[in-house]
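Report on the structure
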Amino acid sequence: MKRSHSRMLSGIEPTKLPDGDGKYLYVVFNYTTGEFSYSLHRISVADLKLSSRRHRHGEGKPKKLPKPILKLPYRRFPASMGFFSIGSKIYMVGGGVFISDVKPIVSRRCYVFDTCDNLLEDGPPMHHEKLRPIVLGPLNGKFYVLGETLASGDLEEFDPKAKSWTCLPCLPTDLQDESVDPCFEYKRDDYEVHSYAIVENVLLFSTRKGTYAFDVISRKWENPSSWGSVVKLPCCEQSIFLDGLWYAFPSAYRSDVTSYSFDWGKGFQESQELGVMRPSRHLKHEASEIMVPMGERTLVVVRAGFSHSSRRKCYVSFDMCRFTSKSSGKHRHPKVSRQYSTTYRMKGDLCELLGLSACLVIALKM
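Looking at an unreviewed UniProt entry, one finds the protein chain named Galactose oxidase/kelch repeat superfamily protein, with Rhododendron simsii as its source organism.

Below, the discussion takes up the overall build of the protein chain. Within the protein chain, the regular secondary structure consists of two helices and 27 strands. When each of the 366 residues of the protein chain is scored for burial, the buried share is 50%. Sequence-distant contacts in the protein chain: of pairs separated by 6 or more residues, those separated by 24 or more amount to 55%.

If you walk through the whole model with that rule in mind, you get one cavity of 30 Å³ or more. Each pocket or cavity is described by its volume, and for the largest cavity that value is around 40 Å³. Lining the largest cavity are Val-28, Tyr-38, Ser-39, Leu-40, Leu-70, Leu-72, Phe-83 and Met-92. Elements represented by at least two residues in the lining of the largest cavity include exactly strand S2 (36–44) and strand S3 (70–73). In terms of residue count, the dominant contributor to the lining of the largest cavity is S2 (three residues). Of the residues that constitute the lining of the largest cavity, the class distribution is seven nonpolar, one polar and no charged.

Right, let's talk about unusual backbone geometry for a bit. Residue Pro-138 is reached from Gly-137 by a cis peptide bond, and omega for that bond is 5°. Of note, the phi angle at Asn-118 is positive, near 55°, even though the residue is not glycine. Positionally, Asn-118 belongs in the loop between strand S8 (110–114) and strand S9 (119–122). The backbone of Asn-140 shows a phi angle near 55°, a positive value even though the residue is not glycine. Note that Asn-140 resides in the loop between strand S10 (134–139) and strand S11 (142–146). On the basis of relative accessible area, Asn-140 is assigned to the partly exposed category, the value being 37%.

Glancing now at a nonpolar patch on the surface. A cluster of nonpolar side chains, Val-97, Ile-99 and Ile-105, forms an exposed patch at the surface whose accessible area comes to about 250 Å². On the secondary structure map, Val-97 appears in strand S6 (residues 96–99). Overall, Val-97 belongs to the partly exposed group, its relative accessible area being 37%.

Further remarks concern the pattern of salt bridges. As a working rule, side chains carrying opposite charge can pair if their charged atoms are close by. Applying the stated criterion across every chain yields a total of eight salt bridges. Residue Arg-132 is joined to Glu-148 by a salt bridge in which the shortest nitrogen-to-oxygen separation is 3.3 Å. One end of the pair, Arg-132, is in the loop between S9 and S10; the other, Glu-148, is in the loop between S11 and strand S12 (156–159), and 16 residues separate them in sequence. The residue Glu-157 makes a salt bridge to Lys-142 at a minimum N-O spacing of 3.7 Å. Of this pair, Glu-157 sits in strand S12 while Lys-142 sits in strand S11; the two residues are 15 residues apart in sequence, bridging distant segments of the chain. Relative accessible area serves as the criterion here: at 24%, Lys-142 is assigned to the partly exposed category. The network of salt bridges with common partners includes Lys-142, Glu-157 and Arg-219.

Turning our eyes to something else, we now look at the pairing of strand S1 (residues 23–31). Extensive coverage of S1 is indicated by the burial of eight of its nine residues. Where S1 and strand S27 (residues 354–363) come together, nine bridges link them in antiparallel fashion. For Val-27, the partnering residue across the bridge sits in S27 and is Cys-359. Across seven bridges, S1 lies against S2 in antiparallel orientation. Bridge pairing in S2 places Tyr-26 opposite Arg-42. The antiparallel hairpin formed by S1 and S2 contains four residues in its connecting segment, where Gly-34 sits at a positive phi of about 95°.

A few words on the sheet that holds strand S14 (residues 195–199). Ordered in space as S17-S16-S15-S14-S18, the five strands form an open sheet in which the pairing is mixed. The outermost strands of the open sheet, each flanked by one partner alone, are strand S17 (220–222) and strand S18 (237–238).

Cut-offs applied
- Residues numbered from 1 in each chain as written.
- Predicted model: local features only at pLDDT ≥ 70, side-chain atom pairs only at ≥ 80, totals over all residues.
- Heavy atoms only, no water.
- Helix = DSSP H or I, 4+ residues; strand = E, 2+ residues; numbered from the N terminus.
- Buried < 20%, exposed > 50% of the residue type's maximum accessible area, 1.4 Å probe, protein only.
- Contact = heavy atoms within 4.5 Å.
- 1 Å grid on protein atoms, 1.4 Å probe; cavity = no way out; pocket = protein on both sides within 12 Å on 5 of 7 lines; lining within 4 Å.
- Points joined across faces, edges and corners; volume = space filled by probe spheres on them.
- Nonpolar A, V, L, I, M, F, W, Y, C, P; charged D, E, K, R; others polar.
- Patch = residues over 30% accessible without salt bridge, like charges linked within 9 Å, V, L, I, M, F, W, Y side chains within 5 Å.
- Areas by Shrake-Rupley, 256 points an atom, 1.4 Å probe, with all protein chains shown as cover.
- Salt bridge = Lys/Arg side-chain N within 4 Å of Asp/Glu carboxyl O.
- Pairing = 2+ DSSP bridges.

Written as structure tokens, this is what we have:
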């Protein structure tokens, strides 16, 4: 079925958060050495603004990142989990335990961290184990979680109101849910998801085999040939939808942000490279980066990496950007203004092998 360009983008829900100082960023770091698999740090948006002003006026070196409010020991919690937030709660799903020369032990468990009382408890488990889960949502009030390959057939929908998971139909392929014979392993790699996006009520997944779409309303996988053209996702991993445009990192090797428009007949079209570069001179090596929507026409780019002089000196930067031009009617380029930028340093003995797993924004009344 060929889609209309004028169809409303009704399914994608804007981030609704109060103005003022009631916003908090919860930054999740993963570790591949040491006794902890994850640490979770809380930073108030008001503190980000204050630190940015001090930095602009030359008041000393970057301050220390706040101590973690939660640490997850690697002996009890899996690595490579997926994260999403609902209200004041952070959900942690899937992941696996990695042992040298042994197939990973994959988890289907769900943990829920309540940021109001700092309570961590078990949540409703998924139906399928998922290694390195891909999370999309909220879409129509629900979240969608997939393993790292479409060949696993493990796409599930989470309903926060019912607090339950629903298995969704598998992508029609020649692969089964069970273990695949070694001679067919390359086919699993062909269905590994490289990037993903939400358009209307459709989940788009880009793989080596092409782009696949799942309609969350009809509960059906759609054939790309029915769209009237081949839709390719030009970005790396997740894209963020804001005010009629999609924002993403164009590749794993470029740290700038690019905006894209979308048409069912033409697919994604690059609108503008926004020049949102690393704001800190300290971030020189192995930087991981995430974009977080902060409300209407505003997002924050979070980056973590090592300094030029030492791999033991780790820094985290927050770059708050606001897009001042709407994209409605005829194509118009967004105008980006950097509201503030600030950098924190982390404790050195924890940072030797560190990555940025998630950054979630929550409106919390302390």
